[in-house]
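If you want the building blocks of each chain, they are given just below.
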Amino acid sequence: MATLEGFPASFYGEPGVLGMLANGISAFLVLLQNFNTAHTGKEAYGVENILAVHLILIGGICQLIAGLLSFRKYDHLSGTAFIGYAALWASYGATRIYSGVSDNQTTNQTSNLSLSTDLMTNISLNGSEEIPGGYFFLSIKESAIAGLIPYILLSFLLAFCSATVNYIMPFVFGAITATLIFEAVGIVASSWALVVSGVLELLILIFAIYGSAVLLLKGLTQRLALKGFGTPLFNVLLLGIGNSASAQSIGQEKKKNTKYAEPMALGFFCDSIAPFIFAFYSFGYMKSFGLGAAWVSIISFAQLFSSYYAHLRQDCYHTTKFGFHATYWLIKAWGEFVASTLIGNKSEVGSAREAMVGNWFFVVAGLILCVGSLNMDILELIHNMLFVLVTVSTVPQIPLEGYYIFFGVACALFTAVSIYGTFARLVNSIAEKLLIPVGKQPVSTANMKKALKWGKSQQVGSEMVPHTDQTSDVLFYLLNGVAALSAIHSKVSSMNPTFLHLTIPWVLISGAIIQAYVSRLQVTGGGRFGSVISSIYVGVWATWTWFRFATLLQLSTGAAYAFTAGAIALLVINGFLMLIAYKNLVLLLLTTVMEVALVCFLLSTLQRLPYRLEAMLALVAIICVYGILATLVSGIFSERLIPMGPPLLKEVKKQETSPELPCPIASSRLTSGLLKIAGILEEGGVCGIPTDTVYALAASCKNPQAIEKIYNIKDRPAEKPICVCISSVEQLVAAKPPFSPLLWEFMRNVYPGGISCIVKKGDWLFQLVGPAYDRVGTRDSIMIRVPDHTVTGHLCNITGPLAITSANPSGEADSTHHSMVIRLGHKIQGVLCDGDSNEVVASTVVNCLKIDETITIVREGCVPAVKVYQIFERIKS
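For every chain, the first residue of the written sequence is number 1, and numbering continues from 1 along that sequence. Where local features are concerned, this predicted model is filtered to residues with pLDDT of at least 70; where side-chain atom pairs are given and counted, the filter is 80 or more; whole-chain, interface and lining totals use all residues. Excluded from the side-chain calculation are hydrogens and water; included are all heavy atoms of the structure.

Caption draft 1: Structural view of the overall build of the protein chain. Across its full length, the protein chain carries 29 helices and 10 strands. Burial statistics for the protein chain: of 877 residues in total, 58% are counted as buried. By the convention used here, residues are in contact when the closest approach between their heavy atoms is within 4.5 Å. Relative to all contacts within the protein chain whose residues are 6 or more apart in sequence, the contacts with residues 24 or more apart total 76%. Helix and strand labels come from DSSP, where a helix needs a run of H or I of at least four residues and a strand needs a run of E of at least two; each type is numbered from the N terminus. Exposure categories follow from relative accessible area, calculated using a 1.4 Å probe and restricted to protein chains: below 20% of the type maximum is buried, above 50% is exposed, and the middle band is partly exposed.

Next up, the structure:
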């Protein structure tokens, strides 16, 4: 069903086909270059750029699409792996392009060879005196190795984890791991490593083609026609350590969300690559950060996808965390790019950095995130504390002699924890159990709420806050705070070209580029004005940055007046934002202070700025700190604990007479409502009821005529059977069906839940459904449902077994809200209202008629087929 949140998992085909082929073809492209280099003894000029572009398009973009679709198909492993490898191939393609351009420049400028050699060995911003600006192509090999090493480690982890899912992907990912090792060796060694790498890349291609064929046939035939998928090399539960089962009690029990896979492993994956590259650079291994900026930028944009899918999962904390980290890595990457390639003078960079204060906002925001992680687990808390250490290590007031050593050590520690976090989050996501230890919850939820609740906020403590609003609001305040603090400059620093160069990435990336992403999140945020404010502020900070850059160009007075006109326009627009920012006092205060800051900008364009007014930008940053804390806490606990201030204007809602409902409705939260629907069912009515998946039409098995009504209501073909819904397996045990021990064990592992089992019909069914025996199931089989839903279970206890089917006309989309069922009111006798359904797709149907031999998936629904096969193989073994 199409919804604002996306499509259900079963609406997507097999994105693994695209992902596997992208890996195979990418390996083949690199193979061609490696064999050519090994055969001729020299790099191929010109053609390597063409192949590199194809590497970015196929290995990068195509595989990125496969990863995005895998997340929507609730495939944790494939989503993480495909997006991670997309970043790898795109980065490696960029490396080949850099290398090709660099080789061509070297060929055309042979007179400068000795100078280039001296530069490669003697000068670097983080190791010695200075680099003349413009040397973008220094340390290409070193940068490539710095990027490949963390990918080797993470690729090995992906290969290991994939062995718990099937036995094709471990060979593909394992071959990629070995290939990356020899690619790294080939960069610094002789051609033999390229030959070995080429052979391994051929194996990747073969494995990828076979894996793609298996998945393609599975998608076409809806069964595993070829071997390779569905059977893991070993059971993921074997990875359980100690009493990990007890870890289930930590933290809040999160609501299951099977619309999208968990993006936490991808976020930790990206947090392993960027700091590793920075550590290599900080320790002096890389002389320039030209190519390093490309590697870090690509992996940072991949991390934004982990933030995006956390937003879709209504996870405020991880939306903020991964967006926050991606912003920091991007800013640091391009800051070091400017310092090492455009400026290069050590003393100039050091003195200019002393006037920069934007990094302090990252320190403060990191501490706030530490507070939020007190409600998570020890791993999250340690990870956030180390990130604070990373931000502290880059405070520009630290002397340059110790700056890079401190930064390198902090990045090394952060990388180690991130790699462990990748492994732990990925395994725990695949198993959907806490197998790899992540530590207990540092502070209980009750104590956190008690500590964070401010004064009179108790009066509104029960106010429920929409998740979609809060997930984007935290990043909105964070980015504007970074941009505002970074834009502060004094009269002396404003005349320093080095300072202006260094501050451009800070304002542009946080205020414009990443805030454009936040604007996209706020489109579906549920607010009346959506992304208006964030979109306008994208323009404000982009204009501010462009003016800062134009100052470097020393534009004419007439050109400067063009910025004056733009500043006036922004002043007027922000004035309208102040009128619509009545949502809360904090937002109104922010837009008001931004109005004063824009006055400062206007005066800057006229060269009439009294610099003490720049303190308004500091005030913007302070307001944003409060906004981050309040909205993050509200998003984590779904409750307004820290006040944001009441709306200044209260909307007067018109008293509209609600239209007469076409059928009786009842609330699932009221016992009287449940009894009302139970009474209607007992009398032979058909009602819409909630389940653990989508809404269903139900009829009591005591009234066979009511079951016949369902066929008429849905226009359902007579050959399509209706299943039986019971409250627990014990209800089934009472009927004494002659099931095999394996079937009983399988049912006890999947019930209650979003799985329906087809079993053999028999006389035992008379004891369960009585007169409805001929109205449910087929002549030989019956499908049994035990929903993991308290309301449905109580209803079945009151009425006895129910005959149910999805509450939609046959062939149309499933009903995911009670309002969609009420539309059928002229045909049904009642609706039990329970709000949004837990899922957007029906249950997974498993044929258990020959369970002693095997099972087959009749329909893949909210529970992935891979998980069903994992449960079956575990029980069978």
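Caption draft 2: Up close: the packing of helix α8 (residues 264-282) against helix α10 (residues 316-343). Inter-axis angles, ranging from 0 to 180 degrees, are taken between N-to-C directions of lines fitted to C-alpha atoms, where helices are fitted over the stretch in contact. Orientation of α8 relative to α10, taken along the N-to-C sense of each, is 20°, at an axis distance of 11 Å. Classified by the angle between their axes, α8 and α10 sit roughly parallel to one another. The handedness of the crossing between α8 and α10 comes out as left-handed. For the pair α8 and α10, contact is made by Met-264, Gly-267, Phe-268, Asp-271, Ala-274, Pro-275, Phe-278 and Tyr-281 and by His-318, Lys-321, Phe-322, His-325, Trp-329, Lys-332, Ala-333, Glu-336 and Ser-340, respectively. Just so you know how the angles are binned, under 35 degrees is roughly parallel, over 145 roughly antiparallel, 65 to 115 roughly perpendicular, and the rest oblique. Handedness of a crossing follows from how the near helix is turned relative to the far one, being left-handed for an anticlockwise turn of less than a right angle and right-handed for a clockwise one.

Caption draft 3: Spatial organisation of the pairing of strand β6 (residues 781-785). Counting buried positions over the 5 residues of β6 gives 4, a clear majority of the element. As judged from the 2 bridges shared by strand β4 (residues 723-725) and β6, these two strands associate in the parallel manner. Pairing of Val-724 across the sheet is with Ile-784, part of β6. Inspection of the sheet shows strand β5 (residues 755-760) paired to β6 by 5 bridges, in the antiparallel sense. Bridge pairing links Lys-760 to Ser-781 in β6. We treat two strands as partners when DSSP finds at least two bridges between them.

Caption draft 4: Broad picture of the environment of Asn-359. Within the secondary structure, Asn-359 sits in helix α12 (residues 359-373). Each C-alpha atom of the pair Asn-359 and Val-395 lies 5.9 Å from the other, and the pair is 36 residues apart in sequence. Every residue in contact with Asn-359, bar those within four places of it in the chain, is listed here: Tyr-328, Thr-391, Thr-394, Val-395, Pro-396 and Trp-506. Reaching out from Asn-359, the side chain makes a polar contact with the side chain of Thr-394 at a distance of 2.9 Å. Pairs of N or O atoms within 3.5 Å make up the polar contacts considered here, provided that, within protein, one atom can donate a hydrogen while the other can accept it, and that residues adjacent in sequence are counted only when both atoms are side-chain atoms.

Caption draft 5: Main features of the sheet that holds β4. Ordered in space as β1-β8-β2-β3-β7-β4-β6-β5-β9-β10, the 10 strands form an open sheet in which the pairing is mixed. Only two strands of the sheet have a single partner each, and these edge strands are β1 (665-667) and β10 (856-859). On average, each strand axis in the sheet is inclined to that of its neighbour by 35°, with strand direction left out of account. Against the sheet, helix α27 (residues 790-799) engages β2 (687-689), β3 (696-700), β4, β7 (802-806) and β8 (830-833), with an angle of about 145° to β7.

Caption draft 6: Molecular detail of empty space enclosed by the protein. The rule is simple: put a 1 Å grid over the protein atoms alone, call a set of points where a 1.4 Å probe fits but cannot get out a cavity, call an open set with protein on both sides within 12 Å along at least five of seven lines a pocket, and count a residue as lining if it has an atom within 4 Å of a point. Grid points are joined across faces, edges and corners, and a volume is the space filled by probe spheres set on the points. Enumeration over the complete set of coordinates arrives at 6 cavities of 30 Å³ or more. Tallying contributions element by element places helix α29 (residues 865-876) first for the lining of the largest cavity, with 5 residues. Classifying every residue of the lining of the largest cavity gives 15 nonpolar, 8 polar and 7 charged. Each of two domains, domain 1 (9-104 + 137-233) and domain 2 (261-284 + 313-438), supplies a minimum of three residues to the lining of the largest cavity. What lines the second largest cavity is simply Ile-331, Lys-332, Gly-335, Arg-353, Met-356, Gly-358, Asn-359, Thr-394, Pro-396, Tyr-403, Leu-502 and Trp-506. With 3 residues, the top contributor of residues to the lining of the second largest cavity is α10. When its residues are assigned to classes, the lining of the second largest cavity shows 6 nonpolar, 4 polar and 2 charged. Residues are grouped as follows: nonpolar covers Ala, Val, Leu, Ile, Met, Phe, Trp, Tyr, Cys and Pro; charged covers Asp, Glu, Lys and Arg; every other residue, Gly included, is treated as polar. Where each domain starts and ends follows an automatic or database-derived domain assignment.

Caption draft 7: Broad picture of unusual backbone geometry. For the peptide bond that leads from Tyr-751 to Pro-752, omega is -10°, which places it in the cis range. Within the chain, Gln-314 stands out as a residue other than glycine whose phi angle is a positive 60°. If you trace the backbone, Gln-314 turns up in the loop between α9 (290-312) and α10. Exposure remark for Gln-314: the relative accessible area of 39% places this residue in the partly exposed category. Even without being glycine, Lys-736 reaches a positive phi, approximately 55°.

Caption draft 8: Inspection of the packing of aromatic side chains at higher detail. Pairs were defined over the aromatic rings of Phe, Tyr and Trp, the Trp ring being its six-membered one, requiring ring centres within 6.5 Å. Orientation was assigned from the angle between planes: stacked under 30 degrees, edge-to-face over 60, tilted for the rest. For the coordinates displayed, the defined rule picks out 36 aromatic pairs. Ring centres 6.0 Å apart and planes at 45° place the aromatic pair Phe-160 and Phe-423 in the tilted group. With Phe-160 in helix α5 (residues 140-162) and Phe-423 in helix α14 (residues 400-431), this pair connects stretches of sequence that are 263 residues apart. Judged by relative accessible area, which is 18%, Phe-423 ranks as buried. On the basis of an interplanar angle of 50° and a centroid distance of 5.4 Å, the ring pair of Phe-278 and Phe-407 is categorised as tilted.

Caption draft 9: Structural view of helix α17 (residues 497-523). The terminal C-alpha atoms of α17 lie 38 Å apart, and with 27 residues this matches the ideal 39 Å at 1.5 Å per residue to within 8%. One axis fitted to the seven residues ending at a residue, another fitted to the seven starting there: the angle between these axes is the bend at that residue. The largest bend along α17 measures about 45° and falls at Gln-515. In terms of burial, α17 is a largely internal element, 20 of the 27 residues being buried. Every helix has an expected span of 1.5 Å times one less than the residues it contains.

Caption draft 10: Seen up close, a nonpolar patch on the surface. Think of a patch as exposed residues, more than 30% relative accessible area, with no salt bridge, where like charges cluster within 9 Å and nonpolar side chains (Val, Leu, Ile, Met, Phe, Trp, Tyr) cluster within 5 Å. Here the open area of atoms and residues is found with the Shrake-Rupley method and a 1.4 Å probe, where only the protein chains shown may cover a residue. Salt bridge criterion: a side-chain nitrogen from Lys or Arg within 4 Å of a carboxyl oxygen from Asp or Glu. Taken together, the side chains of Leu-18, Val-53, Leu-57, Ile-61 and Ile-65 define a hydrophobic patch exposed on the protein surface, amounting to about 380 Å² of accessible area. Examining the composition of the nonpolar patch, we find that 4 residues originate from one element, helix α2 (residues 47-72), more than from any other. If you trace the backbone, Leu-18 turns up in helix α1 (residues 15-40).

Caption draft 11: Structural detail: the pairing of β7. The buried fraction of β7 amounts to 4 of the 5 residues, a majority that puts the element mostly inside the structure. Relative to β7, β3 runs antiparallel, the two being bridged by 5 bridges. In the sheet register, Ala-698 faces β7, and the bridge partner there is Ile-804. As paired strands, β4 and β7 are joined by 3 bridges and run antiparallel to one another. Residue pairing for β7: Cys-723 is matched across the bridge by Ile-804.

Caption draft 12: α9, seen in detail. With 23 residues, α9 ought to run about 33 Å at 1.5 Å a step, and its terminal C-alpha atoms sit 34 Å apart, in line with that. Of all 23 residues in α9, 20 are buried, a share of seventy percent or more. Backbone geometry just after α9 places Gln-314 at a positive phi near 60°.

Caption draft 13: Geometry of the packing of α10 against α12. For the pair α10 and α12, interaxial distance at closest approach is 11 Å and the crossing angle is 155°. With respect to their mutual orientation, α10 and α12 come out roughly antiparallel. Taken as a pair, α10 and α12 cross one another with a handedness that is left-handed. Residues Tyr-317, Thr-320, Lys-321, Phe-324, His-325, Thr-327, Tyr-328 and Ile-331 of α10 lie in contact with α12, whose contacting residues are Asn-359, Phe-362, Ala-365, Gly-366, Leu-369, Gly-372 and Ser-373.

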